[in-house]
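# Structural characterization, general
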Amino acid sequence: MTNHADEISPLFQARMAGIFAWISTTEGFALLVRSRLVVDSDATATAHNILAHELLYRSAIVGDVIAYVVSIPYTLLLYNLFRPVSRRLSLVAAVLSLVGLSIHLCVCVFLLAPLVVLGGAQSLSAVNVDQSQALALTFLNLHGDGYAVGMVLFGFYNILIGYLIFSSTFLPRILGVLLAISGLYYQINNFAEFLYPAIAARVEPYVFVIGMAELFLALWLVVMGVNEQRWKEQASTAGR
């Protein structure tokens, strides 16, 4: 991909990356929907909410899949944009993102499982209502754990991209600082999920606010793009 990307202007690549980033905000919609439908430690209420709003629940799954798919070209575009800053770090960041996306796509299966369990599949005829509701919540919890594992990688990804932005000459350094801070905050929330769930419950509500750093970057990429002259100068210095 990078050979063809080299023939495309960095400004166009930056704006395309911004567009993909904005499309990926469908994940935010999905997270918001599940936060309203899933009731922690209450399998009965969760099952009722999912069945009463099944189309909305399914739409959230679609939102997740769309976000993860469009994040693949976004990752590759940013990799190419930041190669002049550091080829090695941009490659490491891209690998972290792609592995994290793979994890998130895989754990989407756990979001489909509650629909099968609560829908009264013939293979589950021996399971009563209470057991099926408990199974549904268990699958949702497994999705949450898998999602947290993927977010560990995205936390490191944001930190690395933040550093690359800060070290670049073609994007405002403040964007890099904000993105690195968001990455650190993600890591605090992720490891709190594993080690101190009570702390995570207090930290998690602010994740959406911290995530605004990614939206600021996306907005800048769409509206302003990158400084092409400085990008080419840095690329020339890097010996591309």
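Everything that follows concerns the structure shown earlier in this document.
Quick look at the structure, then. Throughout this description, residue numbers start from 1 for each chain and increase along the sequence as written. Only residues with pLDDT of at least 70 get local features here, since the model is predicted, and only at 80 or more are side-chain atom pairs given and counted; chain-wide, interface and lining totals rely on the full set of residues. Based on all heavy atoms of the structure, the side-chain values leave hydrogens and waters out of the count.

This next bit is on the overall build of the chain. Secondary structure elements follow DSSP: runs of H or I of four or more residues count as helices, runs of E of two or more count as strands, with numbering from the N terminus. Scanning the chain from N- to C-terminus turns up 13 helices and zero strands. Along the chain, helices and strands appear, N-terminal first, in the series α-α-α-α-α-α-α-α-α-α-α-α-α. When each of the 240 residues of the chain is scored for burial, the buried share is 44%. Whether two residues touch is decided by their heavy atoms; if any such pair falls within 4.5 Å, the residues are in contact. Within the chain, contacts between residues separated by at least 24 positions form 80% of all contacts whose residues are at least 6 apart in sequence. Here the Shrake-Rupley method, with its probe set to 1.4 Å, supplies the accessible areas, and only the displayed protein chains count as covering residues. For the chain, the computed accessible surface area is about 12500 Å², with 67% contributed by carbon and sulfur atoms. Buried residues are those whose accessible area, probed at 1.4 Å on protein chains only, stays under 20% of the maximum for their type, while exposed residues exceed 50% and partly exposed ones sit between those limits.

Below, the discussion takes up the pattern of salt bridges. By salt bridge we mean one thing: a side-chain nitrogen of Lys or Arg within 4 Å of a carboxyl oxygen of Asp or Glu. Considering all chains together, one arrives at two salt bridges under this definition. The residue aspartate 64 makes a salt bridge to arginine 34 at a minimum N-O spacing of 2.7 Å. Within this pair, whereas aspartate 64 is found in helix H5 (residues 54-82), its partner arginine 34 is found in helix H3 (residues 26-37), the two being separated by 30 residues in sequence. Take arginine 34: its relative accessible area is 8%, and that puts it in the buried class. Notably, a salt bridge pairs glutamate 54 with arginine 58, separated by 3.0 Å at the nearest N-O pair.

A ring pair, where both rings are aromatic, is described by two values, the distance of the centres and the angle of the planes. Aromatic rings from Phe, Tyr and Trp, with only the six-membered ring used for Trp, were paired whenever their centres fell within 6.5 Å, and each pair was classed as stacked if the ring planes differed by under 30 degrees, edge-to-face if by over 60, and tilted otherwise. As enumerated under the stated definition, the model contains two aromatic pairs in all. Each ring, one from phenylalanine 110 and one from phenylalanine 139, has its centre 6.4 Å from the other, and the planes form 25 degrees; the classification is stacked. In this pair, phenylalanine 110 sits in helix H7 (residues 109-118) while phenylalanine 139 sits in helix H8 (residues 129-167), placing the two residues 29 residues apart along the sequence. Residue phenylalanine 110 is classed as partly exposed on the basis of its relative accessible area of 28%. A relative accessible area of 24% means that phenylalanine 139 is categorised as partly exposed. Two limits define a charge over a ring: the Lys NZ or Arg CZ must be within 6 Å of the ring centre, and within 35 degrees of the ring normal. Its end group placed over the ring of phenylalanine 166, arginine 173 keeps NZ or CZ at 4.5 Å from the ring centre.

Quick look at the state of the cysteines now. Count a disulfide wherever a pair of cysteine sulfur atoms falls within 2.5 Å. Inspection of the entire model under this criterion finds zero disulfides. Residue cysteine 106 stays outside any disulfide, its sulfur separated by 8.8 Å from that of cysteine 108, the closest cysteine.

For the rest of this paragraph, the subject is the environment of leucine 112. Following the sequence through the fold, leucine 112 ends up in helix H7. Measuring from C-alpha to C-alpha, the distance between leucine 112 and leucine 140 comes to 9.2 Å, with 28 residues separating the pair along the chain.

Moving on: the packing of helix H2 (residues 10-23) against H5. For helices, the fitted line uses only the C-alpha atoms of the stretch in contact; every axis is such a line through C-alpha atoms, and the angle between N-to-C directions lies from 0 to 180 degrees. The geometry of H2 relative to H5 is characterised by a closest axis approach of 8 Å and an angle of 155 degrees between their N-to-C directions. Classed by the angle they form, the pair H2 and H5 counts as roughly antiparallel. Of the two possible hands of crossing, H2 and H5 adopt the one that is left-handed. Along the contact surface, H2 presents Pro10, Gln13, Ala14, Met16, Ala17, Phe20, Ala21 and Ile23, while H5 presents Ile66, Val70, Pro73, Tyr74, Leu77, Leu78, Asn80 and Leu81. All amino acids are sorted into three groups, where Ala, Val, Leu, Ile, Met, Phe, Trp, Tyr, Cys and Pro are nonpolar, Asp, Glu, Lys and Arg are charged, and the leftover types, Gly among them, are polar. Its residues placed into classes, the contact of H2 with H5 shows 14 nonpolar, two polar and no charged. Here is the rule for angles: anything less than 35 degrees is roughly parallel, anything more than 145 is roughly antiparallel, 65 through 115 is roughly perpendicular, and the remaining ranges are oblique. Note on convention: near helix rotated counterclockwise from far helix by under a right angle means a left-handed crossing. Clockwise means right-handed.

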